[in-house]
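Now for the letters of each chain:
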Amino acid sequence: MAERGIDFDVQRLDAWLRPLFGSIGGPLEVRRTEGGMSNPTYFLRRGSWEAVLRKQPEGAVLKSAHAVDREYRVLKALSGTDVPVPMPLQYCDDREVLGTPFYLMAKLDGRVFHEFSTPGLTRRERSALFEAMVATMAAIHRLDVAASGLSDYGRPGNYFARQLKRWSEQWTQFRHGPDDNPALDAVVAWLNERVPDSELQALCHGDFRIGNVMFHADEPRVVGVLDWELSTLGHPLVDLAFNSQAWRMGPDENGGLLGLPLAELGIPTEEEYLERYYELAGSKERMTTFHQVFAMFRGAVGSAGVAARGEGGNAFLPDAARVGRKLALAYAQRGMALIRERGEE
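Here we summarise the structure given alongside this text. (Residues numbered from 1 in each chain as written. Predicted model: local features only at pLDDT ≥ 70, side-chain atom pairs only at ≥ 80, totals over all residues. Heavy atoms only, no water.)

### Observations regarding the overall build of the protein
Keep this limit in mind: Where helices and strands are cited, they refer to DSSP runs of H or I of at least four residues and of E of at least two residues respectively, numbered from the N terminus. With the radius of gyration taken over C-alpha atoms, the globule rule is written as 2.2 Å times the number of residues to the power 0.38. Only protein chains enter the accessibility calculation, which uses a 1.4 Å probe; a residue whose area is less than 20% of its type maximum is buried, one above 50% is exposed, and one in between is partly exposed. Here, residues are in contact when the closest pair of their heavy atoms is within 4.5 Å. Method for areas: the Shrake-Rupley scheme with a 1.4 Å probe, in which residue coverage is limited to the protein chains shown. A residue counts as positive if it is Lys or Arg and as negative if it is Asp or Glu; His and the chain ends are not included. Lysine's charge is taken at NZ, arginine's at CZ, aspartate's at CG and glutamate's at CD.
Regarding its fold elements, the protein presents 11 helices and 10 strands. Here the protein has a C-alpha radius of gyration of 20 Å; the compact-globule value for 345 residues is 20 Å, and the two agree. Dimensions of the protein along its principal axes, counting C-alpha atoms only, are 65 × 50 × 40 Å. Looking at the protein as a whole, 53% of its 345 residues are labelled buried. Within the protein, contacts between residues at least 6 apart in sequence are counted, and of these 70% link residues at least 24 apart. Of the roughly 15800 Å² of accessible surface on the protein, 50% is carried by carbon and sulfur atoms. Of the side-chain charges in the protein, 40 are positive and 47 negative, and the distance between the mean point of each set is 2 Å.

### Points about the sheet that holds strand 3 (residues 49-55)
The condition that has to hold: Any two strands between which DSSP finds at least two bridges are classified as paired. Lines are fitted to the C-alpha atoms to define the axes, a helix being fitted only along its stretch in contact, and any angle between axes, read from their N-to-C directions, falls within 0 to 180 degrees.
With antiparallel pairing, the 5 strands of this open sheet are ordered in space as 1-2-3-5-4. Each end of this open sheet is capped by a strand with a single partner; those strands are strand 1 (29-32) and strand 4 (88-92). Strand-to-strand twist across the sheet, computed as the mean angle between neighbouring axes with direction ignored, equals 25 degrees. In the sheet, strand 3 pairs with strand 5 (residues 102-105) via 4 bridges, with the strands oriented antiparallel. Its bridge partner lying in strand 5, Val-52 is registered against Met-105. Set on the sheet, helix 1 (residues 10-21) makes contact with strand 1, strand 2 (41-46), strand 3, strand 4 and strand 5; between it and strand 4 the angle comes to about 125 degrees.

### Here's the deal with the pattern of salt bridges
As a reminder, the rule being used: In what follows, salt bridge is the name for a side-chain nitrogen of Lys or Arg lying within 4 Å of a carboxyl oxygen of Asp or Glu.
Inspection of every chain in the model, using the stated rule, returns 24 salt bridges. Measuring nitrogen to oxygen at the nearest pair gives 3.0 Å for the salt bridge that ties Arg-18 to Asp-14. Residue Arg-18 and its partner Asp-14 are both found in helix 1; the two are separated by 4 residues, about one turn of the helix. A salt bridge links Arg-209 to Asp-207; the shortest N-O distance between them is 3.1 Å. Given the relative accessible area of 25%, Arg-209 is considered partly exposed. You can call Asp-207 buried: its relative accessible area is 12%. Because the salt bridges share partners, they merge into one network encompassing Arg-248, Glu-270, Glu-341 and Arg-342.

### Topic: the sheet that holds strand 9 (residues 222-225)
A sheet is described by the order of its strands in space; here 3 strands give the open sequence 6-8-9, paired in antiparallel fashion. Since the sheet does not close on itself, it has two edges, and those belong to strand 6 (111-112) and strand 9, each with one partner. Packing against the sheet, helix 4 (residues 123-142) makes contact with strand 6, strand 8 (213-215) and strand 9, and its axis sits at approximately 45 degrees to strand 9.

### Considering a negative patch on the surface
The following threshold applies: Think of a patch as exposed residues, more than 30% relative accessible area, with no salt bridge, where like charges cluster within 9 Å and nonpolar side chains (Val, Leu, Ile, Met, Phe, Trp, Tyr) cluster within 5 Å.
Where like charges cluster on the molecular surface, the negative patch consists of Asp-69, Asp-93, Asp-94 and Glu-96. Residue placement: Asp-93 occurs in the loop between strand 4 and helix 3 (95-98).

### What about unusual backbone geometry?
Its identity as a non-glycine residue notwithstanding, Thr-118 has a phi of 40 degrees, on the positive side. Counting through the fold element by element, Thr-118 comes out in the loop between strand 6 and helix 4. The exposure class assigned to Thr-118 is buried, which follows from its relative accessible area of 0%. A positive phi angle, near 55 degrees, is found at Asp-227, a position not held by glycine. Along the chain, Asp-227 falls in the loop between strand 9 and strand 10 (232-234).

### Examining the packing of helix 6 (residues 182-192) against helix 11 (residues 320-341)
Note the threshold: Under this scheme an angle from 65 to 115 degrees is roughly perpendicular, one under 35 degrees roughly parallel, and one over 145 degrees roughly antiparallel; angles in between are oblique. It is the rotation of the near helix from the far one that decides the hand of a crossing: anticlockwise by less than a right angle makes it left-handed, clockwise makes it right-handed. In this classification, the charged set is Asp, Glu, Lys and Arg, the nonpolar set is Ala, Val, Leu, Ile, Met, Phe, Trp, Tyr, Cys and Pro, and all remaining amino acids, among them Gly, are polar.
Running from N to C, helix 6 and helix 11 cross one another at 50 degrees; their axes reach a closest spacing of 8 Å. What the angle tells us is that helix 6 and helix 11 run oblique. At the point where helix 6 passes helix 11, the crossing takes the left-handed sense. Residue-level inspection shows Ala-183, Leu-184, Ala-186, Val-187 and Trp-190 of helix 6 in contact with helix 11, the latter providing Ala-332, Gln-333, Gly-335, Met-336 and Ile-339. Residues that form the contact of helix 6 with helix 11 fall into these classes: 8 nonpolar, 2 polar and no charged.

See the structure below:
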């Protein structure tokens, strides 16, 4: 049984699943999730058996993007470590099954918040959730990548130079013309003139925001970090910068915190949150304007990609094009605001 948003043959998937997981419990049920705007995500159920399926989107895929094989690899590497992740179950690179590569992971039960303000919680509960979130991010960055078999998970060379080149090329493909997003062009130029030379390297999630963190149903602890599509070996302060964007984005901009009464809500200030991360991660480097603007740049290009998929009819959400373009502008403008605020033009 399939619902709206299912872009593959459920019977073929069912036939692939049966030898691996059995067929007790009746027909296979497939439901598209609201998340997974980049890599489509589905809930599977047959009787008491449940799993989550992540696949590449249909159509043309940018080189190195939507790498579900990397997602599966990092989940396997992190299983049993201090970083909570869903248990990986099976990977399939046979395009004859669903049309694209995909993998299965165990379904977790818990709470996912898409707004950093975490509506419905008490002040004390919010405070505890933010502590759990920053502690989990620090645990990712403390991971011994060699012991986890991830020493080759990132390419050698300057991480920032490599990422700037990759994401700038993607922006060139997504844009509608020279006047599409002038603020983003200005951010790219500013970043290219200030690429730092840092040897600090760790496993980075790449999209560590509250919507990709699942909390226990009742307790203030993380039960799983989701959506590892952008993970690599890189500079951990970029993860921190992306996560702490919430303090510089409005509630209508990916559920940010700007303008909200933080003390009343039980949410730490940006400074308090950053200091807690430095303590837990044992970080000797401190986040700079470059790291923050770089994270805004990544957010802007990623959002432009969401818009492009929406415009191409390859997105689940009907307003993906509008939302993506709005966020691409917002991220770029916030990046320029940071530069001006710090007097670093």
